[in-house]
Amino acid sequence: MRICFTTQNILPFFDASIPMTSVGGAEMQQYYLGQFFDERAVSVAYLSQDYGQDDIYHVDNITFYKTFDSCKGVAGLRFFYPRLYRIWLALLKADADIYYTRCASYLPGILALFCKIYGRKFVFAGAHDTDFMPAQHKVRNARDRFLYLYGIKRADAIIVQSCAQQDLLRLHYHREGHVIRNLYPSEVRLVDTGRDYILWVATIQYWKQPEKFLDLARKLPFERFVMIGGPGREIDFYNTIRDEASKIPNLEFKGFLPFIEAKNFFDRAKIFVNTSEHEGFPNTFLQAWCRGIPVVTFVDPDNLIRDNGLGIVADSDEDLAHSVSKLINDFNKYEERCMSYFMSNHSPQAIVDQYLGIFQGLNAFSCDHS
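Only a predicted model underlies this, so the values are computations on that prediction, with no experimental measurement involved.

Colleague: Would you explain the state of the cysteines in this entry?
Modeller: Working definition of a disulfide: a covalent bond connecting the sulfur atoms of two cysteines. Scanning all chains against the criterion turns up zero disulfides. Lacking any disulfide linkage, C115 is separated from the closest cysteine sulfur, that of C4, by 9.3 Å.

Dropping the structure here:
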């Protein structure tokens, strides 16, 4: 069985010589899945955008097929050439049994059509709740929305992160989804160094509501805050947040950091704060819980935080500050239950088993294309 992950920004996760300019949860999950599939002797390939690498590029046992340079092409035509043309060629070269992509975009439509023509299987995985909310998903134009709808209706399997996403998929698209939680390959551990700040980590975009973390720092001037995040598409918004953060003496604004550097900041955090108005299942929650760090958040996938005592779910901006204040002196009480939940629900072995069960079931009905 050969699996091809179709994600454009993945290669810097595998090759440290390529500068990493953004870190997305979808890419992170596909990075980890590919590594664990490879350990299970499953053939793994990725489609990746053009970073100047060879058309077929190898990192250890994993093969990467180059697609397009996002800066090239004539406006209005670049979707067809070089993007669609190069993606289609790369899909052919990958010659996989199953093609996988994650997040609402035009890619599901391309993969669904490719797999229909060539008798392969296509798996779509949701990232945000909005992927299954037609009025709110983040597909930018009518063409891409059409391709996304075409793809999600024709996927051979759909993977969701929560029961809430499963319900949304059923309601809006009349499809059934397999609930598989995110994985994070870390042993639970308490760090010996002191925990001395409140941490926020995300891409700085409107719907992540980073301004609420700035307000939180202003309301708690005797606490130390650290904010990590690079720009999304809203560069002016990023610059505004950065400039406002520089005026808050108890807040340290780091901007974008590569994944390896950013994850180390969890070691000394005592509370993790998520201010997003909606999410799927944040990888940052897992990075916190495996270290025994509780979260304060507006979003609670499937009520897991409330039901398992993994932090506090805030109902308003005022409640956000109150919840953080409440945890400041009590965060040590959450360590054991956060780590216990993480071990029981997000271990790579169990989650990879779930994926492989779905993939092997699809592969059993695939046409022989040897």
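Colleague: Before we go on, may I ask you to explain a nonpolar patch on the surface in this structure?
Modeller: The grouping of L92, L113, I117 and Y118 at the surface amounts to a nonpolar patch, some 340 Å² of accessible area in total. Secondary-structure assignment places L113 in helix α4 (residues 107–118).

Colleague: Could you clarify how one ought to interpret the side chain of D97 in this entry?
Modeller: You can see D97 is positioned in the loop between α3 (79–94) and β5 (98–102). The buried charged residue D97 lacks any salt bridge, with R120 as its nearest oppositely charged partner at 6.1 Å. Polar contacts involving the side chain of D97 include one to the main-chain amide nitrogen of R2, which spans 2.7 Å.

Colleague: Explain the packing of helix α2 (residues 25–39) against helix α14 (residues 348–363) to me, please; I cannot follow it from the model alone.
Modeller: How two helices pack is summed up by the angle between their axes together with the distance between the axes. Between α2 and α14, whose axes approach to 10 Å, the crossing angle comes to 80 degrees. The orientation of α2 relative to α14 falls into the category roughly perpendicular. Residues L33, F36 and F37 of α2 touch α14, and the partners they reach there are P348, V352, Y355, L356 and F359.

Colleague: Explain the pattern of salt bridges to me, please; I cannot follow it from the model alone.
Modeller: Oppositely charged side chains are able to pair whenever their charged atoms sit close together. Per the counting criterion, the structure on display carries 26 salt bridges. Among the ionic pairs, D95 bridges to R120, the shortest N-O distance being 3.0 Å. Linking D95 in the loop between α3 and β5 with R120 in the loop between α4 and β6 (121–125), this pair joins segments that are 25 residues apart in sequence. Residues joined by salt bridges that share partners form a network here, namely D196, R224, E252, K254 and R268.

Colleague: Just checking my understanding: could you explain the sheet that holds strand β12 (residues 269–274) for this structure?
Modeller: The pairing of strands in a sheet comes from backbone hydrogen bonds and takes either a parallel or an antiparallel form. Read across the sheet, six strands follow the order β11-β10-β9-β12-β13-β14 without closing on themselves; strand pairing throughout is parallel. Of all the strands in the sheet, just β11 (251–255) and β14 (311–313) have a single pairing partner and so form its edges. In this sheet, neighbouring strand axes are inclined to one another by 20 degrees on average, regardless of whether the strands run parallel or antiparallel. Along the sheet face, helix α7 (residues 211–219) touches β9 (197–201), β10 (225–228), β11 and β12 and points at about 165 degrees away from the line of β10. In the packing of helix α8 (residues 235–245) onto the sheet, the strands contacted are β10 and β11, and the crossing angle to β11 comes to about 145 degrees.

Colleague: What am I meant to see in α8 here?
Modeller: Taken residue by residue, α8 has F237, Y238, I241 and A245 as its buried positions. Along α8, the residues classed as buried sweep out an arc of 100 degrees about the axis, all on the same side. For α8, the elements touching its buried residues are α7, β10 and β11.

Colleague: Got a minute to help me understand the pairing of strand β2 (residues 43–48) in this structure?
Modeller: Two faces, one strand: in a regular strand the side chains alternate between the faces of the sheet. Across the six residues of β2, five count as buried, placing the element largely inside the fold. Strand direction decides the pairing type here: β2 and strand β4 (residues 62–66), joined by four bridges, are parallel. Bridging from a neighbouring strand, S48 pairs with K66 of β4.

Colleague: Would you mind showing me how to read the nonpolar core here?
Modeller: A general feature of soluble globular proteins is that nonpolar side chains tend to end up buried together. Core analysis: the largest hydrophobic core is formed by 93 residues, its most contacted members being F37, V273 and W289. For this core, the element with the highest residue contribution is α14, accounting for seven residues. If near-sequence neighbours (up to four positions away) are discounted, W289 is found in contact with F281, V295, I305, L310, C338, M339, Y341 and F342. Grouped together as the second largest cluster of nonpolar side chains are 34 residues, Y65, F114, L147 and Y150 included.

Colleague: In this structure, what is going on with the packing of aromatic side chains? I would like to understand it.
Modeller: Both the distance between ring centres and the angle between the ring planes are used here to describe each pair of aromatic rings. Counted according to the given criterion, the structure contains 35 aromatic pairs. Between the aromatic rings of F5 and F37, the centroid separation amounts to 6.0 Å while the plane-to-plane angle is 15 degrees, which identifies the pairing as stacked. Here the residue F5 occupies a position in strand β1 (residues 2–6), and F37 occupies one in helix α2, the gap between them amounting to 32 residues. Overall, F37 belongs to the buried group, its relative accessible area being 0%. Here R143 stacks its cationic end above the ring of F79, 3.8 Å away from the centre of that ring. Lying over the aromatic face of Y334, R337 brings its terminal NZ or CZ to 5.0 Å of the ring centre.

Colleague: I'm lost on the packing of α7 against helix α12 (residues 317–328) in this one. Help?
Modeller: Between α7 and α12, whose axes approach to 10 Å, the crossing angle comes to 55 degrees. On the basis of the axis angle, α7 is oblique to α12. Considering only the axes of α7 and α12, their crossing is right-handed. Contacts between α7 and α12 pair K212, L216 and K219 from the former with D317, L320, A321 and V324 from the latter. Taken together, the residues of the contact of α7 with α12 break down into four nonpolar, no polar and three charged.

Colleague: Explain unusual backbone geometry to me, please; I cannot follow it from the model alone.
Modeller: With the exception of glycine, most residues fall at negative phi, and the peptide bonds are largely trans. Looking along the chain, the bond that leaves Y81 and enters P82 is cis, with omega of 15 degrees. At D95, a residue that is not glycine, the phi angle is positive and equals roughly 50 degrees. Given the relative accessible area of 39%, D95 is considered partly exposed. At D302, a position not held by glycine, the phi torsion is positive, near 55 degrees. For D302, the position within the fold is in the loop between β13 (295–297) and α11 (304–308).

Procedures and definitions
Residues numbered from 1 in each chain as written. Predicted model: local features only at pLDDT ≥ 70, side-chain atom pairs only at ≥ 80, totals over all residues. Heavy atoms only, no water. Disulfide = S-S within 2.5 Å. Patch = residues over 30% accessible without salt bridge, like charges linked within 9 Å, V, L, I, M, F, W, Y side chains within 5 Å. Areas by Shrake-Rupley, 256 points an atom, 1.4 Å probe, with all protein chains shown as cover. Salt bridge = Lys/Arg side-chain N within 4 Å of Asp/Glu carboxyl O. Helix = DSSP H or I, 4+ residues; strand = E, 2+ residues; numbered from the N terminus. Buried < 20%, exposed > 50% of the residue type's maximum accessible area, 1.4 Å probe, protein only. Lys, Arg positive; Asp, Glu negative; His and termini not counted. Polar contact = N/O pair within 3.5 Å; in protein donor to acceptor, adjacent residues only side chain to side chain. Axes fitted to C-alpha atoms, helices over the stretch in contact; angles between N-to-C directions. Parallel < 35°, antiparallel > 145°, perpendicular 65-115°, else oblique. Contact = heavy atoms within 4.5 Å. Pairing = 2+ DSSP bridges. Arc of directions from axis to C-beta. Core = buried A, V, L, I, M, F, W, Y, C linked by side-chain atoms within 4.5 Å. Phe/Tyr/Trp six-rings, centres within 6.5 Å; stacked < 30°, edge-to-face > 60°. Lys NZ or Arg CZ within 6 Å of the ring centre and 35° of its normal. Left-handed = near helix turned anticlockwise from the far one by under 90°. Nonpolar A, V, L, I, M, F, W, Y, C, P; charged D, E, K, R; others polar.

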